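# Structural features, examined
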Amino acid sequence: MESLTKWLSWLFGLVLIIILGYILGDIVLVSLKHFSWNFLLESPYSAGRKGGIFPIIISTLLILCISLLAVIPIGLTSALFLTEYSDRNNKSIIFIRKSIEILSAVPSIVFGLFGNAVFSVYLGFGFSILSGGLTLAIMALPLFITTAEKGFRSVPTNYRLVASSLGMSKFTMIISIIVPYALPSIFVGIILSIGRALAETAALIFTSGYVDRMPESFFDSGRSLSIHIYDLSMNVPGGDVNAYKTSFVLIVLILTTNALINTVLNNWYKKRIAL
Amino acid sequence: MFQLTRNRQDFYLKFFLKLNGHFSLLAIFLIFAFIAKESVVALNEHSSSFFLDESWFPTEGKFNMVPMLAGSLFVTFGAIFLAFPLGLFSGIFASFYCPAKMYTSFKRAIELYTGIPSVIFGFWGLMKLVPLINEFNPPGQSLLAGILILALMVFPIITLSLIASFEMTTTNYYKVSESLGLKKSTYIWFILLPSLKGQILGATILSIGRAIGETMAVLMVCGNIVKIPSSLFDPIRTLTANIALEMAYATGSHRSALFLSGLLLLSVVGFLFFLFEVFKKRFSWKV
Amino acid sequence: MSLSKYPWKGKLSDEECCETSSIISVKNLSLSYDEKKAFNEISLEINRGCVTGIIGPSGCGKSSFIHCLNRMTELYSNTQVKGDIHFNGTSIFDIRVNLLELRKDIGIVFQEPTPLPLSIISNIELPLKEHKFNNVQDRAVQALKDVGLWNEVKDKLKTPANNLSGGQKQRLCIARTIALEPKVILMDEPCSSLDPISTDRIEELIHGIKGKYTILIVTHNLAQARRVCDYIFAFWYDETSSCGQILESGTCAEIFQHSQNKIIRDYVGGIKG
């Protein structure tokens, strides 16, 4: 029993590491073989088989911008509400928390349907960066709220007591004490949301659309990096190489966000309560 | 300059925060509402055809969802069947057999798995796994490919939950077990894991929810043929992939039927969530 | 608590309590945690079948010392052990020694009662099955009877052990240790978290099972040491080497009544603690 457990554990552990290495290694190797900086600066042509991904990077960034612009205010205020006023309105607080948990469990394709129904059709934005960004905002909301709330709750009660004893209004206390203290958590929340948004594909397919040229405005359709990978690998024969290279860019971006979180957690957080 | 008195300031603040705070509640409500609204057409016109039509031929008004439901269920449970031992043993490896110096790196590696986008899993599956399966039994795009890729995507949920539980368990039990001369494996299988039954169940439910909702990876490796699979090597289409493939050009009752399948997915996930909450209360474990 | 119930109390004789033969022999044992010494160059002999007590103020390495005797210190990565310990003639650090067997032969009862998160009867049956005893169920029941727990739990054997009271838990821990038929039982302040009545029960238990087992008990409670022990080793904190060492040893009476060492005299007299 002991040796069986030991061997199986080692087997699974090693196999999983090898597979991970294979996936990442494959992408890295193929991408490096065909590497050129121009890839990031050119526009795609021949349905993406050739050329670069510059407009796609721009579209992705624009979608991210919209999401963040929507998520941050709503997320912050929701988190503040949950921390500051959670004592009194018990029933509705419970409902709100459950909603947040359910939101995080909803499949991404359902978000896509919702985004399509609300933003593209009902509000008339059509297939646009705006629709995509807003849909992603709702997807990232639970994550951001949870992270921000943890940050707000980690403010030591001493600070709140001192603020009250000085006759400070709640508004001032929030603005000058609580939010600055929780800034590392908020930062981590933003980065986590970016990570989530970058990886998202299904929700964007029919909200921000497929168009691979440079978007002219937020109402224009734009393609994200993840959709580009999907299109190149499934719909474009011979698009493999560029799909590899795009995957490489996407992975680098995601790894950077992960690394950022870890550095923030290690340095900025040393004096604060861990997330 | 309009100066609010401090009390007035706080009053408006409370109102503003309360309003925004309820946004999540509003969002979830709106999601159910809009999806239900869009499904109404299909429900009214074709309520029985979802199970009785010959197959899914939307252009001809045939909307049998059963093959795709079957596809989703088979791929999900196949993946969980694989992911469970993967997660269990990798968790045991990390906490008991992995050399101490490698522990953090191994944990980071598993966390890396969760960070890889589903599109990239699907892409790798398409490039490497599907051709491999194709060697044995063409075509490579199949239920099996879906199961394998989905298992890889979902096992970290179980692993990381286990590792977190192991770290939190009072180390006393291990000390007692050692002092009685019990083997490590006896400790793991007869003492530790039984005491974590609740957490393991919770992680499994989360994994099922994740697997059923997955779209891109299964879309890319499963072949997308609408047919109840008769073997592991048959191509299948899941409910999620179906929506992704056809939404772009669906109109009228076709579109409505797709929304209906979305509603079905939402209900399944909602049910799993409800199950999760019930178990949490009954066994009062922290996940 | 009348004295008649405890005929051995109030009678501290100078004589050796029995035919002494050494079962554990410690030579120049030192233990350090991360370079900081817990105790230095301890040598002593534990006599078979007797109750030996280790007394002394906190911080002189008493607990650490007995944790060395069945190599429990190896669970922590920052410990360094020097010196030798012989059990029944062989060194416990010998390569050929089976660690699992060693821990069966030298059992330990910890300060905090820690039953395993299983049912009461499984707590005893699991180690028995692990070490391949026969008649597992009978042995478990006998162990429960030996510690006086049987009547209290015989109707709820399958209920979780964690539902028992502190005193019951500790007796369960002792039961699971003696079920394995060890040669030596190490006890690290077994009564320090218990109420006086539970303490009393356990002391009675110790007296009942000694002879069959060798018992080594670390205790803060001098009165308890006086009641229960045949031999005493008195640890003290040495300022110069800043770690523990034995100041004096001997029979119970020798230490409590005719101690040669002023520090120990003051300690057992309650003048210094």
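A quick note: this is a predicted structure, and the numbers were derived from the prediction, not measured.

### Comments concerning the overall build of chain C
Across its full length, chain C carries 10 helices and 10 strands. Sorting the 273 residues of chain C into buried and exposed places 42% on the buried side. Restricting to contacts in chain C with at least 6 residues of sequence separation, those with at least 24 account for 69%.

### Considerations on the overall build of chain A
In terms of regular secondary structure, chain A is built from 12 helices and two strands. Mapped from its N terminus to its C terminus, chain A presents α and β elements in the order α-α-β-β-α-α-α-α-α-α-α-α-α-α. Along the three orthogonal principal directions, the C-alpha set of chain A runs to about 70 × 65 × 35 Å. Per-residue burial for chain A yields a buried fraction of 48% across its 275 residues. By sequence separation, contacts in chain A at least 24 residues apart represent 75% of the contacts at least 6 residues apart.

### Considerations on helix H9 (residues 184-195) of chain B
Its 12 residues place the ends of H9 of chain B 15 Å apart at the C-alpha level, agreeing with the 16 Å of an ideal helix rising 1.5 Å per residue. Looking at H9 of chain B, one finds that the buried residues are Thr186, Tyr187, Ile188, Phe190, Ile191 and Leu192 of chain B.

### Observations regarding the nonpolar core
Core analysis: the largest hydrophobic core is formed by 236 residues, its most contacted members being Ile35, Ile149, Leu150, Ala151 and Val221 of chain B together with Ala175 of chain C. With 18 residues, the single largest contributor to this core is helix H7 (residues 143-168) of chain B.

### Describing the arrangement of the chains
Out of two pairs of chains that touch, the pair holding the most contacts is chains A and B. A minimum C-alpha distance of 11 Å separates chain A and chain C, which share no contact.

### Considering the interface of chain C and chain B
Tallying the contact residues gives 16 residues for chain C and 14 residues for chain B. Contributing elements (two or more residues each) for the side of chain C that touches chain B: helix H2 (99-105) and helix H3 (120-130) of chain C. Tallying contributions element by element places H2 of chain C first for the side of chain C that touches chain B, with four residues. Taken together, the residues of the side of chain C that touches chain B sort by class into nine nonpolar, two polar and five charged.

### Some remarks on the environment of Leu82 of chain B
All names here are of chain B. Structurally, Leu82 is set in helix H4 (residues 66-97). The exposure class assigned to Leu82 is partly exposed, which follows from the 17 C-beta atoms found within 10 Å. When the C-alpha atoms of Leu82 and Phe279 are compared, they prove to be 23 Å apart, with 197 residues separating the residues in sequence. Ignoring anything within four residues of it in the chain, the contact list for Leu82 reads Ile147 and Ala151.

### What about the packing of helix H1 (residues 2-33) of chain A against helix H12 (residues 240-267) of chain A?
All names here are of chain A. Where H1 meets H12, the axes come as close as 8 Å, and the angle between the chain directions of the two elements is 115 degrees. In terms of crossing hand, the pair formed by H1 and H12 is left-handed. In this structure, H1 contributes Ile27, Val28, Val30 and Ser31 to the contact, and H12 contributes Val241, Tyr244, Lys245, Ser247, Phe248 and Ile251. In terms of residue class, the contact of H1 with H12 is made up of seven nonpolar, two polar and one charged.

### So, the interface of chain A and chain B
Interface size is commonly expressed as the accessible area that is lost once the parts come together. Opposite the 64 residues of chain A that make contact, chain B presents 62 residues. Sort the elements by how many residues they give to the side of chain A that touches chain B and H1 of chain A lands first, with 14 residues. By residue class, the composition of the side of chain A that touches chain B is 43 nonpolar, 15 polar and six charged.

### Some points on the packing of H4 of chain B against helix H12 (residues 239-246) of chain B
Residues and elements named next belong to chain B. Packing of H4 against H12 leaves a shortest axis separation of 7 Å and a crossing angle of 125 degrees. The angle between H4 and H12 falls in the class oblique. The residues of H12 that touch H4, namely those facing Met68, Leu69 and Ser72, are Leu239, Thr240 and Asn242. Grouping the amino acids of the contact of H4 with H12 by side-chain chemistry returns three nonpolar, three polar and no charged.

### Quick word on the pairing of strand E6 (residues 106-109) of chain C
Residue and element names in this part refer to chain C. Burial along E6 is two-sided: the face carrying Ile106 and Ile108 and the face carrying Gly107 and Val109 are both buried. In the sheet, E6 pairs with strand E7 (residues 184-188) via four bridges, with the strands oriented parallel. For Ile106, the partnering residue across the bridge sits in E7 and is Val184.

### Some remarks on the pairing of strand E1 (residues 22-33) of chain C
Residue and element names in this part refer to chain C. In the sheet, E1 pairs with strand E2 (residues 36-47) via eight bridges, with the strands oriented antiparallel. Across the sheet, Ser25 pairs through a bridge with Glu45, a residue of E2. Counting the residues in the hairpin turn of E1 and E2 gives two residues, including Asp34, whose phi is positive at 55 degrees. Of the strand pairs in this sheet, E1 and strand E4 (residues 79-87) are connected by eight bridges, and their pairing is antiparallel. The residue of E4 that forms the bridge with Ile24 is Phe87.

### Digging into unusual backbone geometry
Residue and element names in this part refer to chain C. Positive phi is not limited to glycine here, since Asn28 has a value of about 50 degrees. Along the polypeptide, Asn28 turns up in strand E1. In the Ramachandran plot, Asn135 falls in the positive-phi region, its phi being about 50 degrees despite a non-glycine side chain. The residue Asn135 is located in the loop between H3 and helix H4 (136-146) in this model.

### Topic: the confidence of the model for chain A
Across chain A, pLDDT averages 86, with 96% of residues at or above 70. By mean pLDDT, the top-scoring element of chain A is helix H6 (residues 129-153) of chain A (92), and the lowest-scoring one is strand E1 (residues 44-45) of chain A (76).

### Points about the environment of His34 of chain A
Residue and element names in this part refer to chain A. Within the element layout of this structure, His34 appears in the loop between H1 and helix H2 (38-41). His34 gets classed as exposed once you count the C-beta atoms within 10 Å, which come to 12. When the C-alpha positions of His34 and Val241 are compared, they lie 7.9 Å apart, and in sequence the two are 207 residues distant. In this structure His34 touches Val241 and Lys245, once residues within four positions along its chain are discounted.

### Some thoughts on H4 of chain C
Residue and element names in this part refer to chain C. Buried residues of H4: Ala140, Ala143 and Leu144, and no others. Relative to the axis of H4, the buried residues are bounded by an arc of 100 degrees and lie together on one face. Considering only its buried residues, H4 is in contact with H3, helix H5 (150-153) and helix H6 (166-179). Of the residues trailing H4, Gly148 is marked for its positive phi of about 75 degrees.

### Examining the confidence of the model for chain C
Summing up the model confidence of chain C, the mean pLDDT is 82 and the portion of residues at 70 or higher is 89%. Quick note on the complex model: pTM equals 0.83, ipTM equals 0.88.

Definitions and limits used
- Residues numbered from 1 in each chain as written.
- Chains lettered and ligands numbered in written order.
- Predicted model: local features only at pLDDT ≥ 70, side-chain atom pairs only at ≥ 80, totals over all residues.
- Helix = DSSP H or I, 4+ residues; strand = E, 2+ residues; numbered from the N terminus.
- Buried ≥ 20, exposed ≤ 12 C-beta atoms within 10 Å, placed from the backbone.
- Contact = placed C-beta atoms within 7 Å.
- Expected span 1.5 Å × (residues − 1).
- Core = buried A, V, L, I, M, F, W, Y, C linked by C-beta atoms within 7 Å.
- Nonpolar A, V, L, I, M, F, W, Y, C, P; charged D, E, K, R; others polar.
- Axes fitted to C-alpha atoms, helices over the stretch in contact; angles between N-to-C directions.
- Left-handed = near helix turned anticlockwise from the far one by under 90°.
- Parallel < 35°, antiparallel > 145°, perpendicular 65-115°, else oblique.
- Pairing = 2+ DSSP bridges.
- pLDDT = per-residue confidence, 0-100.
- Arc of directions from axis to C-beta.

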